[in-house]
Amino acid sequence: MARARFITFEGGEGVGKSTQVRRVAQRLRALGYGVTTTREPGGSPGAEALRALLVTGDTERWSPLAETLILNAAREDHLARTIRPALARGEIVLCDRFADSTRAYQGAAGGLAAEFILRLEDQVLGETRPDLTLVLDAPPQLGLGRAGARGGAEARFEAKALAFHERLREGFLKIAAAEPKRCVVISASLSEDAVFEAIWAALAPRLEAAGDAPIASEPH
Ligand code: TMP
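Residues numbered from 1 in each chain as written. Predicted model: local features only at pLDDT ≥ 70, side-chain atom pairs only at ≥ 80, totals over all residues. Heavy atoms only, no water.

K.L.:
Is there a simple way to think about the pairing of strand β1 (residues 6-11) in this case?
P.N.:
Across a regular strand the side chains alternate sides, sitting on one face of the sheet and then on the other. For β1, the tally of buried residues reaches six of six residues, placing the bulk of the element in the interior. Of the two faces of β1, the one holding Phe6, Thr8 and Glu10 and the one holding Ile7, Phe9 and Gly11 are both buried throughout. As paired elements, β1 and strand β3 (residues 92-96) share four bridges and run parallel to each other. Residue pairing across strands places phenylalanine 6 opposite valine 93, the latter belonging to β3. (Buried < 20%, exposed > 50% of the residue type's maximum accessible area, 1.4 Å probe, protein only. Helix = DSSP H or I, 4+ residues; strand = E, 2+ residues; numbered from the N terminus. Pairing = 2+ DSSP bridges.)

K.L.:
Which parts of the structure should I look at to understand the nonpolar core?
P.N.:
Within soluble globular proteins, side chains that are nonpolar tend to cluster in buried spots. Counting 25 residues, the largest nonpolar core has Ile7, Val24, Leu28, Leu94 and Leu134 as its most contacted members. Only β1, α1 (17-30), β3, β4 (132-137) and α8 (192-203) provide two or more residues apiece to this core. At six residues, the largest contribution of residues to this core is made by α8. Those residues within four positions of valine 24 in sequence are excluded, and the remaining contacts are Phe9, Leu94, Phe196, Ile199, Trp200 and Leu203. (Core = buried A, V, L, I, M, F, W, Y, C linked by side-chain atoms within 4.5 Å. Contact = heavy atoms within 4.5 Å.)

K.L.:
Would you take a moment to explain the sheet that holds strand β2 (residues 35-39) for this structure?
P.N.:
Sheet strands pair via backbone hydrogen bonds, and the direction of the pair is either parallel or antiparallel. Here five strands make up an open sheet; going across it, the order is β2-β3-β1-β4-β5 and the pairing parallel. Each edge of the sheet is formed by a strand with only one pairing partner; in this case those strands are β2 and β5 (183-187). For this sheet the average axis-to-axis angle between neighbouring strands, irrespective of direction, equals 20°. Here β1 runs beside β4; their pairing, made up of five bridges, is parallel. (Axes fitted to C-alpha atoms, helices over the stretch in contact; angles between N-to-C directions.)

K.L.:
Would you mind going over helix α5 (residues 114-125) with me for this structure?
P.N.:
For an α-helix the count is 3.6 residues per turn, leaving residues at separations of three or four pointing the same way. Between the first and last C-alpha of α5 there are 16 Å, a value that for 12 residues agrees with the 16 Å anticipated at 1.5 Å per step. Those residues of α5 that sit buried are Ile117, Leu120, Glu121, Val124 and Leu125. Relative to the axis of α5, the buried residues are bounded by an arc of 115° and lie together on one face. In this structure, α5 carries Glu115, Arg119 and Gln123 as exposed residues pointing more than 90 degrees from its buried face. Buried residues belonging to α5 abut α3 (64-88) and α4 (99-109). Glycine 126 sits one or two positions beyond α5 and adopts a positive phi of about 55°. (Expected span 1.5 Å × (residues − 1). Arc of directions from axis to C-beta.)

K.L.:
Which parts of the structure should I look at to understand the site of the ligand?
P.N.:
Close contacts around the ligand come from 14 residues, with Glu13, Arg51, Arg97, Thr102 and Gln106 the closest. Within the contact set of the ligand, an oxygen atom lies 2.7 Å away from a side-chain nitrogen or oxygen of arginine 97. Its free accessible area being 480 Å², the ligand has 93% of it covered by the protein chains. In this structure the site holding the ligand corresponds to the largest pocket. Counting residues per element, the shell around the ligand draws most heavily on α4, which supplies four residues. Of the residues that constitute the shell around the ligand, the class distribution is five nonpolar, three polar and six charged. (Near = heavy atom within 4 Å. Polar contact = N/O pair within 3.5 Å; in protein donor to acceptor, adjacent residues only side chain to side chain. Areas by Shrake-Rupley, 256 points an atom, 1.4 Å probe, with all protein chains shown as cover. 1 Å grid on protein atoms, 1.4 Å probe; cavity = no way out; pocket = protein on both sides within 12 Å on 5 of 7 lines; lining within 4 Å. Sits in = over half its atoms within 2 Å of the grid points. Nonpolar A, V, L, I, M, F, W, Y, C, P; charged D, E, K, R; others polar.)

K.L.:
What is the right way to look at the packing of helix α6 (residues 140-150) against helix α7 (residues 162-178) in this model?
P.N.:
How two helices sit against one another is set out by the angle between their axes and by the gap between those axes. Relative to each other, α6 and α7 sit at 115°, their axes nearing to 10 Å. Our pair here, α6 against α7, has a crossing hand that is right-handed. For the pair formed by α6 and α7, the contact residues are Pro140, Gln141 and Leu144 on the first element and Leu162, His165, Glu166 and Arg169 on the second. Its residues assigned to classes, the contact of α6 with α7 comprises three nonpolar, two polar and two charged. (Left-handed = near helix turned anticlockwise from the far one by under 90°.)

K.L.:
Whenever I open this one, a nonpolar patch on the surface confuses me. Can you help?
P.N.:
A contiguous nonpolar surface patch, about 250 Å² in accessible area, is contributed by Leu65, Leu69 and Phe116. For phenylalanine 116, a relative accessible area of 34% gives the class partly exposed. (Patch = residues over 30% accessible without salt bridge, like charges linked within 9 Å, V, L, I, M, F, W, Y side chains within 5 Å. Salt bridge = Lys/Arg side-chain N within 4 Å of Asp/Glu carboxyl O.)

On their own, these measurements won't tell you what the molecule is for.
In structure tokens form, the structure reads like this:
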């Protein structure tokens with residue numbers, strides 16, 4: 001089994017990714033691992049500026065193609081300035097959303113051609129691909145209820161029609177089915193503690209011993 005150093009958390013709205021990223025980071029640090037937590041869109045100053053353009057305003061503000069181009073510009077900066085340097089320091093990187101979100105939101109749900117998204121993904125990611133992806137899965141109604149209760153200004157995607165969120169869920173499940181070595185589907189309908197334990201059960205066997213993480217001599 002590949003050792004997990006670059007770990008991504010994916011799923012629809014309100015599935016509890018951010019909470020779980022925090023909890024996993026806490027446990028890993030308690031065990032002695034160096035950990036960087038980050039998110040997309042965002043995770044570097046330039047990418048956070050692009051995030052503000054993407055997640056606010058009218059739902060039809062950007063087409064799926066425009067979103068994909070902005071997301072990939074943000075991702076390129078995030079990889080160069082945050083993710084690759086942290087991996088080169090030998091840290092575990094926990095990322096709240098990554099390239100699968102573009103496949104699912106702009107592709108499966110938004111209707112943009114998968115081949116285009118994957119070609120762009122290849123260019124931007126290069127060799128830096130997640131070792132493990134935790135797909136938090138819940139019926140859209142449940143997640144949208146939680147996300148709505150949370151409120152806030154970043155609701156541009158939440159506000160899309162229920163059919164969009166259903167296609168989104170199917171999109172994430174299809175990615176997981178196509179890449180079973182990398183992806184583990186976790187039921188996010190359970191309690192926060194039960195979701196955490198399911199994530200930990202998937203993650204723990206993939207960890208290398210704390211302190212044994214190879215230090216890359218140069219960023220890759
Ligand atoms: P968040 O609410 O999980 O922080 O994510 C922000 C929003 O950005 C969320 O509604 C999903 C959307 N998004 C995409 O549409 N495509 C992407 O590739 C990423 C990373 C996020």
